[in-house]
Amino acid sequence: MKGMRSTAKPLRRSNRRTRRSAPRQRKPAERLQQRYERGYSAGYDEGQRSGFESFETHFEGTSIIIPTYNKANYLKSCIESIGDHTDLPYEIIVVDNHSTDETSAYLREIGTQVRYRILDSNLGFSGAVNAGLMMAKGTTVLLLNNDTLVTDNWLDNMLACLNSDARIGMVGPVTNYISGDQRVEVPYEEIEDMYEYAKHNNQTDPSKWQRTDRLTGFCLLFRRELLERTGYFDEGYEIGNYEDDDFNIRVRLQGYTLVIARDSFIHHYGSVSMKALGSEFESVNEHNMQFYMEKWGNPFEWVHRVNEQRRIKEEPKDGLVAIPRGESAFYPEGVLVKGVGDIVFWLENGQRRPLEGELALPITRLSQLDIRRYSIGQSIHASELEARLRAAELQRSIFRDGTVVMGESGNIRFLIEGNVKRPIVTAAAAMKWGFDRRKALTLTDSELGELPEGLPIIAPITLRQLL
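Thresholds applied
Residues numbered from 1 in each chain as written. Predicted model: local features only at pLDDT ≥ 70, side-chain atom pairs only at ≥ 80, totals over all residues. Heavy atoms only, no water. Helix = DSSP H or I, 4+ residues; strand = E, 2+ residues; numbered from the N terminus. Buried < 20%, exposed > 50% of the residue type's maximum accessible area, 1.4 Å probe, protein only. Polar contact = N/O pair within 3.5 Å; in protein donor to acceptor, adjacent residues only side chain to side chain. Contact = heavy atoms within 4.5 Å. Phe/Tyr/Trp six-rings, centres within 6.5 Å; stacked < 30°, edge-to-face > 60°. Lys NZ or Arg CZ within 6 Å of the ring centre and 35° of its normal. Salt bridge = Lys/Arg side-chain N within 4 Å of Asp/Glu carboxyl O. Pairing = 2+ DSSP bridges. Axes fitted to C-alpha atoms, helices over the stretch in contact; angles between N-to-C directions. Core = buried A, V, L, I, M, F, W, Y, C linked by side-chain atoms within 4.5 Å. Parallel < 35°, antiparallel > 145°, perpendicular 65-115°, else oblique. Left-handed = near helix turned anticlockwise from the far one by under 90°. Nonpolar A, V, L, I, M, F, W, Y, C, P; charged D, E, K, R; others polar. Disulfide = S-S within 2.5 Å. Expected span 1.5 Å × (residues − 1).

A. Structural context of the side chain of E348. Structurally, E348 is set in strand 12 (residues 344-348). A relative accessible area of 17% means that E348 is categorised as buried. Polar side-chain contacts of E348 include one of 3.5 Å to the side chain of W346. If we ignore the near neighbours within four places in the chain, the residues touching E348 are E333, R353 and R388.

B. Here's a closer look at the packing of aromatic side chains. According to the stated counting rule, one finds 10 aromatic pairs in the structure shown. Aromatic side chains Y188 and Y197 sit 6.0 Å apart centroid to centroid with 50° between the ring planes, which places their arrangement in the tilted category. Across the pair, exposure class does not vary: Y188 and Y197 are buried alike. Among the aromatic side chains, those forming a connected cluster through ring pairs are F125, F222, F233 and F247. Over the ring of F345 we find R352, and its NZ or CZ is 5.3 Å from the ring centre. Directly above the ring of F414 sits K421, whose terminal nitrogen or CZ lies 5.9 Å from the centroid.

C. Fine view of the pattern of salt bridges. Scanning all chains against the criterion turns up 18 salt bridges. For the salt bridge of D370 with R373, the shortest nitrogen-to-oxygen distance reads 2.8 Å. For the residue pair D370 and R373, the accessibility class agrees, reading buried in each case. Note that R390 and E386 form a salt bridge whose closest N and O atoms lie 4.0 Å from each other. Taken together, the residues span about one helical turn, with R390 and E386 both in helix 14 (residues 382-395) at a distance of four residues. Judged by relative accessible area, which is 42%, E386 ranks as partly exposed.

D. Up close: the sheet that holds strand 19 (residues 420-424). The strand order 19-18-17-20 describes an open sheet built from four strands, whose pairing is mixed. Single-partner strands in this sheet number two, and they are strand 19 and strand 20 (441-443). Each strand of the sheet is rotated relative to its neighbour by a mean of 40°, with strand direction disregarded. Sheet analysis places strand 17 (residues 404-407) next to strand 18 (residues 413-417), joined by three bridges and oriented antiparallel. Following the sheet pairing, V405 is matched in strand 18 by F414.

E. Region of the structure containing the nonpolar core. Counting 38 residues, the largest nonpolar core has L133, L143, M170, F222, F233 and F265 as the members making the most contacts within it. Looking at this core element by element, the count peaks at six residues for helix 5 (residues 124-135). With residues up to four places along the chain from it excluded, the contact list for L143 reads I65, V129, L133, G217, F218, C219, L220, F222 and F233. Membership of the second largest hydrophobic core comes to 31 residues, among which are Y292, W302, V425 and I457.

F. Geometry of the sheet that holds strand 8 (residues 219-223). Pairing within the open sheet is mixed, and its eight strands lie in the order 3-2-1-4-8-6-9-7. At either end of the open sheet lies a strand with only one pairing partner, and these are strand 3 (115-118) and strand 7 (209-212). With direction set aside, neighbouring strand axes in the sheet form an average angle of 25°. Where strand 2 (residues 90-96) meets strand 3, four bridges bridge the pair, whose relative direction is parallel. Each bridged residue has a counterpart across the sheet, and for I93 the counterpart in strand 3 is R115.

G. Here's a closer look at the packing of helix 3 (residues 72-85) against helix 4 (residues 103-110). Closest axis-to-axis distance for the helix 3/helix 4 pair is 9 Å, and the angle between their directions is 30°. Our classification of the angle between helix 3 and helix 4 gives roughly parallel. Crossing hand, helix 3 versus helix 4: right-handed. Taken together, the residues of helix 4 that come into contact with helix 3 (itself represented by A72, L75, K76 and I79) are T103, Y106, L107 and I110. Split by residue class, the contact of helix 3 with helix 4 holds six nonpolar, one polar and one charged.

H. Region of interest: helix 9 (residues 243-253). Most of helix 9 is tucked away: 11 of the 11 residues are buried. Every buried residue belonging to helix 9 is among E243, D244, D245, D246, F247, N248, I249, R250, V251, R252 and L253, and all of these are buried. Where helix 9 terminates, the next one or two residues include G255, which has phi positive at roughly 100°.

I. Structural context of the pairing of strand 19. Burial runs high along strand 19: four of the five residues are buried. Of the pairings in the sheet, the one linking strand 18 to strand 19 comprises five bridges and is antiparallel in character. From the neighbouring strand, F414 faces strand 19, where its bridge partner is P423. Taking the residues between adjacent antiparallel strands as the criterion, strand 18 and strand 19 are bridged by two residues, where G418 takes a positive phi near 65°.

J. Structural view of the state of the cysteines. On inspection of all chains with the given rule, the structure shows zero disulfides. C219 provides the cysteine sulfur closest to C78, a residue in no disulfide bond, and the two sulfurs are 9.3 Å apart. Of the residues examined, C78 reaches a relative accessible area of 0% and is grouped as buried.

K. Main features of the packing of helix 9 against helix 11 (residues 280-296). The geometry of helix 9 relative to helix 11 is characterised by a closest axis approach of 11 Å and an angle of 20° between their N-to-C directions. On the basis of their axis angle, the class for helix 9 and helix 11 is roughly parallel. Mapping the contact onto sequence places D245, D246, I249, R250 and L253 in helix 9 and Y292, K295 and W296 in helix 11. Its residues assigned to classes, the contact of helix 9 with helix 11 shows four nonpolar, no polar and four charged.

L. Examining helix 3 more closely. Taking 1.5 Å per residue, 14 residues should reach 20 Å; helix 3 reaches 20 Å between its end C-alpha atoms and fits that length. For helix 3, every residue scored as buried is listed here: A72, L75, C78, I79, S81, I82 and H85.

These results come straight from atomic positions and should not be treated as a statement about function.
The structure is reproduced here in structure tokens:
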């Protein structure tokens with residue numbers, strides 16, 4: 001009896017120890033959450049890897065970029081019209097300028113039908129367009145106002161026009177409400193009747209393609225190649241207005257033409273976002289006009305001068321006039337620049353040379369699209385550059401690269417580069433590159449006239465975000 005009792009007690013103690021040391025059984029919900037977290041982490045890592053690998057991968061189609069601010073009902077109608085009237089491959093990218101209405105909720109609701117980005121603040125038309133351009137994957141790009149309705153055959157005819165000639169840089173349609181030559185008189189008063197009018201108008205007809213000096217930004221089509229040559233929109237323009245004129249000039253300076261495809265009609269409700277500014281519109285428009293004039297002066301004169309140089313100096317091949325290597329052809333050399341990172345580059349002989357050390361010279365901020373146009377060269381130390389600049393200053397030769405000169409009459413400054421004088425288009429351009437800090441040598445008009453003229457130097461765009 002005692003033996004039996006003594007045998008039972010240790011067994012009970014042993015059982016208790018076994019139960020206490022056993023691992024805690026996880027609840028089904030907890031196990032599910034852990035599996036979800038592991039799967040999410042693995043999926044995120046895979047998506048990030050795939051994103052890096054496919055960053056430069058593009059599809060044969062059109063990226064339709066729609067900048068928007070409030071007016072969600074217009075945006076919804078615009079997107080629906082694209083789905084109803086576009087048969088060619090495309091993607092829709094919506095960039096919301098920090099709307100205060102139901103726009104963000106609508107974008108989340110339609111989900112995978114569009115790619116979208118909601119900005120933390122209102123960056124204006126240029127800022128939203130630039131954010132969309134960074135996201136675009138198409139071989140062609142189309143900028144479209146949110147207050148538009150597209151129609152049958154609209155994109156087909158614009159693409160046919162763009163692809164008809166390599167010299168065409170941008171194409172725009174006609175519409176009922178716009179400034180300039182793209183406006184047409186329409187017979188309809190109700191939207192229901194608009195589509196029948198558009199169907200009749202949008203019969204493919206190359207004879208209705210018209211060359212122009214200006215395309216408005218409510219609808220612009222261009223190749224990815226043009227984006228890589230020209231770069232982003234200038235974010236120095238507030239809210240909207242004049243940024244499309246600015247882009248037009250930069251495209252035309254490269255020798256491209258602009259064309260209105262009159263066999264493509266889309267409906268435009270008309271400046272909905274700008275009208276919403278109310279009394280603020282006047283100040284915004286005044287600021288942008290002033291910014292445009294200070295940047296360009298008389299831009300059409302510069303386009304004319306460059307076209308004259310092109311006709312005189314370049315022999316056409318197969319009927320095509322050579323086009324400069326992008327907007328960087330209108331940037332100077334012998335300056336310090338930087339992109340989104342901390343690396344400072346010295347521009348020289350078409351290369352960007354990383355600077356080692358520090359140099360007391362202005363540094364001009366460029367976009368990554370601008371930076372990438374320059375091939376990477378060997379690094380250069382600040383002490384070498386400083387010695388080189390000091391020696392050149394002692395020589396005081398007007399023919400050395402980097403000398404700023406001006407004539408006795410006239411306010412235009414020139415930069416000596418490669419034994420030619422390159423006109424600096426405005427004081428704003430000189431300031432952007434730091435040339436306002438260089439002492440200008442005054443030449444007689446006769447001395448200045450003996451120097452051949454090169455391409456003008458324009459101001460780089462103003463950036464308000466990392467691009």
